[in-house]
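# Structural features, examined
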Amino acid sequence: MRSCAGSRRRLSDSEGEETVPEPRLPLLDRQSSHWKNAVGFWLLGLCNNFSYVVMLSAAHDILSHERTSGNQSHVDPSPTPIPHNSSSRFDCNSVSTAAVLLADILPTLVIKLLAPLGLHLLPYSPRVLISGICAAGSFVLVAFSHSVGTSLCGVVLASISSGLGEVTFLSLTAFYPRAVISWWSSGTGGAGLLGALSYLGLTQAGLSPQHTLLSMLGIPAVLLASYFLLLTSPEPQDPGGEEEAERAARQPLIGTEAPESKPGSGSSLSFRERWTVFKVWMKAGFELLFFRNTSLSHAQQYRWYQMLYQAGVFASRSSLRCCRIRFTWALALLQCLNLVFLLADVWFGFLPSMYLVFLIVLYEGLLGGAAYVNTFHNIALETSDEHREFAMAATCISDTLGISLSGLLALPLHDFLCQLS
């Protein structure tokens with residue numbers, strides 16, 4: 001069986017000798033390679049998005065507490081809280097959790113915007129190594145920070161890791177069978193569920209936020225092991241396929257021709273960007289869906305919202321083999337209805353129980369995950385082989401741009417609502 005190192009040589013951008021086409025693998029070896037690649041891309045999706053999700057789950061803690069100086073062994077059990085708006089019925093932080101969302105997404109947006117201009121000059125392996133180092137650095141920096149500003153710098157590192165990893169691994173799927181897209185999407189959904197659930201579970205069990213973050217340092221190591229040790233070289237789909245993969249890997253992501261697509265696909269992708277604005281605007285507003293006189297504190301309610309949303313995302317991102325949706329715009333319309341309904345509840349407070357909000361948040365996650373996996377699956381079907389790498393990388397931009405816009409909109413919305421008595 002060909003080694004993973006061979007794959008890295010073929011997919012790197014460094015100069016090398018031409019490789020002689022190898023004969024197709026026997027059936028047993030092909031099956032083994034299929035499952036190794038499937039598990040590999042699932043783990044890559046899981047590990048790549050893990051730090052991003054954990055930072056969102058920890059957003060309320062990051063903004064609610066200052067670390068006392070000199071306290072590096074544990075988080076002070078009675079940290080000094082950042083002032084809240086006591087006159088508001090929403091129990092608001094002075095800074096919206098949208099600030100953490102922006103720190104967690106704007107560096108990703110910059111990376112994805114610049115990627116088509118020169119990222120192809122950097123081979124895949126160094127990109128993955130940088131991504132893993134940044135992920136580990138984010139956990140350490142936030143865990144040992146003494147201020148909100150330093151914690152936000154750690155969130156920025158998580159964003160760099162996630163953004164660089166996403167554009168790298170989605171481009172890499174162009175050299176593997178289309179089925180790996182489903183495994184990658186399922187892994188990113190698993191990151192949402194496991195990331196939010198692990199942070200919720202460990203903090204609920206009494207572990208400090210600092211120790212909770214430090215316990216997650218093994219995730220970047222799993223990412224590196226999955227890429228360097230688990231993935232096999234791409235199996236050629238037709239004679240000369242490996243030469244085509246090598247030639248494509250050496251080309252800039254922006255070429256002289258536009259990616260080919262089937263009629264109607266362009267409108268779906270443009271609507272996806274608008275849909276993402278609504279989706280993440282709602283996530284940034286979870287902080288304001290606060291129920292008093294319950295067994296859960298404000299911070300605990302926020303963590304439960306994040307965990308349930310990610311549970312829905314995981315379930316729907318893993319459902320491609322069971323349910324495929326061609327018209328993703330329908331999911332966007334349902335998201336808009338969710339936005340209007342929850343904003344009305346924030347304003348009027350007509351929902352009697354937080355458990356109803358739990359159900360709506362879970363439903364929101366199901367819609368979001370389904371839109372993600374079906375969008376990339378449709379792109380894989382509708383673009384030609386030579387354009388698929390570019391299409392996968394470019395489509396990430398619309399998703400990240402929508403999240404960034406929603407974070408910017410959520411900041412003034414948060415301040416406005418928090419001024420209501």
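In case you missed it, the structure is sitting above this.
Residues numbered from 1 in each chain as written. Predicted model: local features only at pLDDT ≥ 70, side-chain atom pairs only at ≥ 80, totals over all residues. Heavy atoms only, no water.

## Here's the deal with the overall build of the protein
Counting its regular elements, the protein contains 15 helices and four strands. Burial statistics for the protein: of 421 residues in total, 56% are counted as buried. Within the protein, residue pairs in contact and separated by at least 24 positions form 86% of the contacts whose partners lie at least 6 positions apart. Taken as a whole, the protein presents about 17400 Å² of accessible surface, with 67% of it coming from carbon and sulfur. (Helix = DSSP H or I, 4+ residues; strand = E, 2+ residues; numbered from the N terminus. Buried < 20%, exposed > 50% of the residue type's maximum accessible area, 1.4 Å probe, protein only. Contact = heavy atoms within 4.5 Å. Areas by Shrake-Rupley, 256 points an atom, 1.4 Å probe, with all protein chains shown as cover.)

## Quick word on a nonpolar patch on the surface
On the surface, Leu 334, Leu 337, Leu 362, Tyr 363 and Leu 366 cluster together into a nonpolar patch covering about 400 Å² of accessible area. Residue assignment for the nonpolar patch shows that the elements contributing at least two residues are helix H13 (329-348) and helix H14 (354-382). Position of Leu 366 among the secondary structure elements: in helix H14. (Patch = residues over 30% accessible without salt bridge, like charges linked within 9 Å, V, L, I, M, F, W, Y side chains within 5 Å. Salt bridge = Lys/Arg side-chain N within 4 Å of Asp/Glu carboxyl O.)

## Details of the environment of Arg 303
Within the element layout of this structure, Arg 303 appears in helix H12 (residues 298-317). Sequence separation between Arg 303 and Leu 197 is 106 residues, and the spatial gap between their C-alpha atoms is 8.4 Å. Excluding residues that lie within four positions of it along the chain, Arg 303 makes contacts with Ser 57, Asp 61, Tyr 199, Leu 200, Thr 203 and Gln 204.

## What about the nonpolar core?
With 43 residues, the main nonpolar core has Phe 41, Leu 44, Phe 169, Leu 172, Tyr 227 and Phe 376 as its most contacted residues. Beyond its immediate chain neighbours, meaning those up to four positions away, Phe 41 contacts Phe 169, Leu 172, Thr 173, Tyr 176, Val 180, Trp 183, Trp 184 and Leu 231. Ranked by size, the runner-up nonpolar core spans 23 residues in total, among them Ala 196, Leu 200, Leu 351 and Ile 360. (Core = buried A, V, L, I, M, F, W, Y, C linked by side-chain atoms within 4.5 Å.)

## Structural notes on the packing of helix H7 (residues 179-204) against H12
Direction vectors running N to C along H7 and H12 enclose 155 degrees, while the axes themselves pass 8 Å from each other. Here H7 lies roughly antiparallel to H12, going by the angle between them. In this structure, the crossing between H7 and H12 has a hand that is left-handed. In terms of residue class, the contact of H7 with H12 is made up of 10 nonpolar, 12 polar and two charged. (Axes fitted to C-alpha atoms, helices over the stretch in contact; angles between N-to-C directions. Parallel < 35°, antiparallel > 145°, perpendicular 65-115°, else oblique. Left-handed = near helix turned anticlockwise from the far one by under 90°. Nonpolar A, V, L, I, M, F, W, Y, C, P; charged D, E, K, R; others polar.)

## Some details on helix H6 (residues 148-172)
Counted at 1.5 Å a residue, the expected span for H6 with its 25 residues is 36 Å, and the 36 Å between its end C-alpha atoms agrees. A large share of H6 lies buried, amounting to 18 of its 25 residues. (Expected span 1.5 Å × (residues − 1).)

## Description of the packing of aromatic side chains
Summed over the entire model, instances satisfying the criterion amount to 12 aromatic pairs. Ring centres of Phe 41 and Tyr 176 lie 5.2 Å apart, and the angle between their planes is 75 degrees; this geometry places the pair in the edge-to-face category. Taken as a pair, Phe 41 in helix H2 (residues 27-57) and Tyr 176 in the loop between H6 and H7 lie far apart in primary sequence, 135 residues in all. Judged by its relative accessible area of 0%, Phe 41 falls in the buried class. Between Phe 169 and Trp 184, the aromatic rings sit 5.8 Å apart at their centres with planes inclined by 50 degrees, giving tilted as the arrangement. (Phe/Tyr/Trp six-rings, centres within 6.5 Å; stacked < 30°, edge-to-face > 60°.)

## Points about the packing of helix H5 (residues 124-143) against H6
Where H5 meets H6, the closest approach of the two axes is 8 Å, and the angle between their N-to-C directions is 155 degrees. With respect to H6, the element H5 is oriented roughly antiparallel. Between H5 and H6 lies a crossing of left-handed hand.

## Observations regarding H5
Under the 1.5 Å per step criterion, the end-to-end length of H5 is 29 Å for 20 residues, consistent within 8% with the ideal 28 Å. Where H5 is concerned, the buried positions are Tyr 124, Ser 125, Arg 127, Val 128, Ser 131, Gly 132, Cys 134, Ala 135, Ser 138, Phe 139, Val 142 and Ala 143.

## Re the pattern of salt bridges
If you walk through the whole model with that rule in mind, you get three salt bridges. A salt bridge links Arg 303 to Asp 61; the shortest N-O distance between them is 2.9 Å. With Arg 303 in helix H12 and Asp 61 in helix H3 (residues 59-64), this residue pair connects regions lying 242 residues apart in the sequence. The same class applies to Arg 303 as to Asp 61, namely buried. In this structure, Arg 326 engages Glu 382 in a salt bridge whose closest nitrogen and oxygen atoms are separated by 2.9 Å. Highlighted residues: Arg 326 in the loop between H12 and H13 and Glu 382 in helix H14, separated in sequence by 56 residues. For Glu 382, a relative accessible area of 13% gives the class buried.

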